[in-house]
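Descriptive structure summary
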Amino acid sequence: MMKKVYLCIDLKTFFASVECSERHLDPFKTNLVVADPTRGNGALCLAITPQMKSMGIHNRCRIFEIPKGVEYITAMPRMHLYMEYSARIYRIYCRYVSPDDIHVYSIDECFIDITSYMHLYHKSAKEFAKMLMQAVFADTHITATCGIGTNLYLAKVALDIISKHTKENIGILDEERYQKYLWHHLPITDFWHMGSGTANRLLKLGVVDMHGITQIPEEILYKEFGINAEYIIDHAWGREPATIASIKKYRPKNESINNSQVLFSDYEYEDAILVVKEMVELNVLRLVESRLVTNHVSLYIGYSRTDGGGWAGGFRKLTVRTNSLSVLMDAFISLYHLKVQKGRLIRQISISFNDVLDEAYESYDLFSDIEALEEEKKLQRTLVSIRHKYGK
């Protein structure tokens, strides 16, 4: 069986590079920040150019943290433009590979299975990566970096840890190279899916690097991390069973309604819960509109990379199957207060209504106020009809 080869391609300082491309400027020679100056000196810089990074200025800094005396261009964030560039670059990849072999990971990053294409184009993995990177630059003047790996995890780690230290912006890993060069790499949070929360729990077990994970009995790891121990153990050895083909084929066992968003800037604890409430309200209207009910909700909160990254969240099984806004809102708010740390900066929020069934399966418990729920449902259906008539 042919060994798989994956690329993980990232567009360098994407937002800032797009703004430079629009102005016909070289991001490696230009001081430019993407930020909203109307928010004051405390506004977050969504991106800075590589030239500013070379001066020791940190990405995702605040405006007031840029040293005085450094002259720079301030570009207002234009998310719609960045999405257009992302789609344009995706179409460039599609000139060379099938969409079936591309997994879009974020607006500026994707995985590509190039296993069968190397023979087709008579190129090595590194040559194929260069071909794609050069095609992107020729069309957009945006520089890409790339990780090459024998599985998705190794491709991502090669990108995140190795590519930035090579002249060609390309890192290469297989399991043997991973164990030889990165088993003792620090900090452990540099590795994909290794947030500060997981790192702190590993530290309590005396583990500071990936090699240390391989020395801990698996039963101890499963006791500490539950089912998540499986991917922690696999990643410690450089293994990853998931493929792009399996990701494309995946279908959930149960129907669900989901909503996820990456916030435009870092949100404080109290600000983020307002966004959660808005998302719950929108999803409840979707339930009501489709005449569906749920008894299982889940919440995912992604902490900002500027605050150490990682995530929080969990799920809650309800005693009723419902599409009541009040019931579902209470479940999410209590889950948020229980799981999310105060003082942490939040960048991503996802909510999900799971085990969704037809409204005929609606159920109640002894504490349900049936009349109040019916009144609430009438109001929700009225809101749906208004939205259909006049728009959101």
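Here's a quick rundown of the structure. (Residues numbered from 1 in each chain as written. Predicted model: local features only at pLDDT ≥ 70, side-chain atom pairs only at ≥ 80, totals over all residues. Heavy atoms only, no water.)

Digging into unusual backbone geometry
Along the chain, Leu-186 connects to Pro-187 via a cis peptide bond; the corresponding omega equals 0°. Mapped onto the fold, Pro-187 is located in the loop between α7 (175–181) and α8 (196–204). A positive phi is found at Asn-169, a non-glycine position, where the angle reads about 60°. If you trace the backbone, Asn-169 turns up in the loop between α6 (152–162) and β8 (170–173). (Helix = DSSP H or I, 4+ residues; strand = E, 2+ residues; numbered from the N terminus.)

Considering a nonpolar patch on the surface
Taken together, the side chains of Leu-186, Leu-203 and Val-208 present a nonpolar region at the surface, about 280 Å² in accessible area. Residue position: Val-208 is located in the loop between α8 and α9 (210–214). What makes Val-208 partly exposed here is its relative accessible area of 43%. (Patch = residues over 30% accessible without salt bridge, like charges linked within 9 Å, V, L, I, M, F, W, Y side chains within 5 Å. Areas by Shrake-Rupley, 256 points an atom, 1.4 Å probe, with all protein chains shown as cover. Salt bridge = Lys/Arg side-chain N within 4 Å of Asp/Glu carboxyl O. Buried < 20%, exposed > 50% of the residue type's maximum accessible area, 1.4 Å probe, protein only.)

Notes on helix α11 (residues 229–237)
Among all positions in α11, only Ala-229, Ile-232, Ile-233, Asp-234, His-235 and Ala-236 are buried. Elements in contact with the buried residues of α11: α6, α7, α8, α9 and α10 (218–225). The positive-phi residue at the C-terminal boundary of α11 is Gly-238, with phi of around 85°. (Contact = heavy atoms within 4.5 Å.)

So, the sheet that holds strand β4 (residues 73–75)
Here we have 3 strands laid out as an open sheet, ordered β3-β2-β4, and mixed in their pairing. If you trace the sheet from one side to the other, it starts and ends with β3 (47–48) and β4, each paired once. As defined by bridge partners, strand β2 (residues 32–34) adjoins β3 across 2 bridges and the pair is classed as antiparallel. The partner of Val-33 across the bridge, within β3, is Ile-48. Of the strands in this sheet, β2, β3 and β4 touch helix α1 (residues 14–22), which is tilted by about 120° from β2. (Pairing = 2+ DSSP bridges. Axes fitted to C-alpha atoms, helices over the stretch in contact; angles between N-to-C directions.)

Quick word on helix α5 (residues 125–140)
With 16 residues, α5 should reach 22 Å at 1.5 Å per residue; the first-to-last C-alpha distance of 23 Å fits that figure. Within α5 the residues assigned to the buried category are Ala-125, Phe-128, Ala-129, Met-131, Leu-132, Met-133, Ala-135, Val-136 and Thr-140. Of the residues trailing α5, His-141 is marked for its positive phi of about 65°. (Expected span 1.5 Å × (residues − 1).)

Comments concerning the pattern of salt bridges
Between side chains of opposite charge, pairing is possible as soon as their charged atoms come close. In total, this model carries 15 salt bridges according to the counting rule given. Residues Lys-130 and Glu-168 are paired through a salt bridge, measuring 2.6 Å at the closest nitrogen-oxygen approach. Within this pair, whereas Lys-130 is found in helix α5, its partner Glu-168 is found in the loop between α6 and β8, the two being separated by 38 residues in sequence. Since its relative accessible area comes to 29%, Lys-130 is described here as partly exposed. On the basis of relative accessible area, Glu-168 is assigned to the partly exposed category, the value being 35%.

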